[in-house]
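# Structural overview
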Amino acid sequence: MKLTMITVGKLKEKYWLDAVKEYKKRISKYAKIELIEVADEKEPNNAGPKDLEQIKDKEAERILSKIKDTQHVVTLEINGRQYTSEKLAQEYQRWMNTGKSDVVFVIGGSNGIGEAVKKRSNQEISFGTLTYPHQMMKVMMLEQLFRVNKILRNEAYHK
C-alpha cells in the first residue's frame, strides 16, 4: 500500500514534528508513506467570504498539482462519513482488495478545502463535527493509519 498525505501549511512546532516523525516511522513498517506540505495562502485582515474562497482556490491548485490521476483521494471534511477505527480498517482493506493501493489523504488549511479538491475527491471522511487545528489533524490521521494497520494484522495496540 502506498499512502500519501497532502496538507496545507508547514508544521513548525517541535511537538507536532516529533509526533509526525514517530507515526511516519511506525506506519513505514506496513506501507510506503509520503508526506507533502503545500504552502498556505496568507489571509488578509477582515477577509470576507469571497476572499476566503479565493484562498481555498489557490490552495486547491497547489494540492491538485500533487495528485496523480490514478490515485484514490480521500479528503478530511467536517461533513464526511464518520468511521470507528474498526470500520476504517475495513475500508482500508476494501481499498486494497479493489486495487486502490495508492491512496492520498488531503487535509485542507484553516479555511477548509477548495471546491476543485472536493470535486476530485473519491471519498470524504470526518473525525466529527468538532473543530481541530489542522496540524493536529495530520497527527490524528497518521495515528489512525497506524492503528488501522495494527487492527488488520491483529497486533496488540488497538484497545
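Residues numbered from 1 in each chain as written. Predicted model: local features only at pLDDT ≥ 70, side-chain atom pairs only at ≥ 80, totals over all residues. Heavy atoms only, no water.

### Thoughts on the pairing of strand S4 (residues 102-107)
Of all 6 residues in S4, 6 are buried, a share of seventy percent or more. The alternating pattern of S4 places Asp102, Val104 and Val106 on one face and Val103, Phe105 and Ile107 on the opposite face, and all of these are buried. Where strand S1 (residues 2-8) meets S4, 6 bridges bridge the pair, whose relative direction is parallel. What sits directly across from Met5, in S4, is Phe105. Where strand S3 (residues 72-82) lies against S4, 4 bridges are found, and the strand directions are parallel. By the bridge assignment, Val74 is partnered in S4 with Phe105. (Buried < 20%, exposed > 50% of the residue type's maximum accessible area, 1.4 Å probe, protein only. Helix = DSSP H or I, 4+ residues; strand = E, 2+ residues; numbered from the N terminus. Pairing = 2+ DSSP bridges.)

### Things to note about the packing of aromatic side chains
Tallying each qualifying case throughout the model produces 5 aromatic pairs. With centroids separated by 5.2 Å and ring planes inclined at 50°, the aromatic side chains of Tyr15 and Trp16 adopt a geometry described as tilted. Look at Trp16 and you get buried, because its relative accessible area is 14%. (Phe/Tyr/Trp six-rings, centres within 6.5 Å; stacked < 30°, edge-to-face > 60°.)

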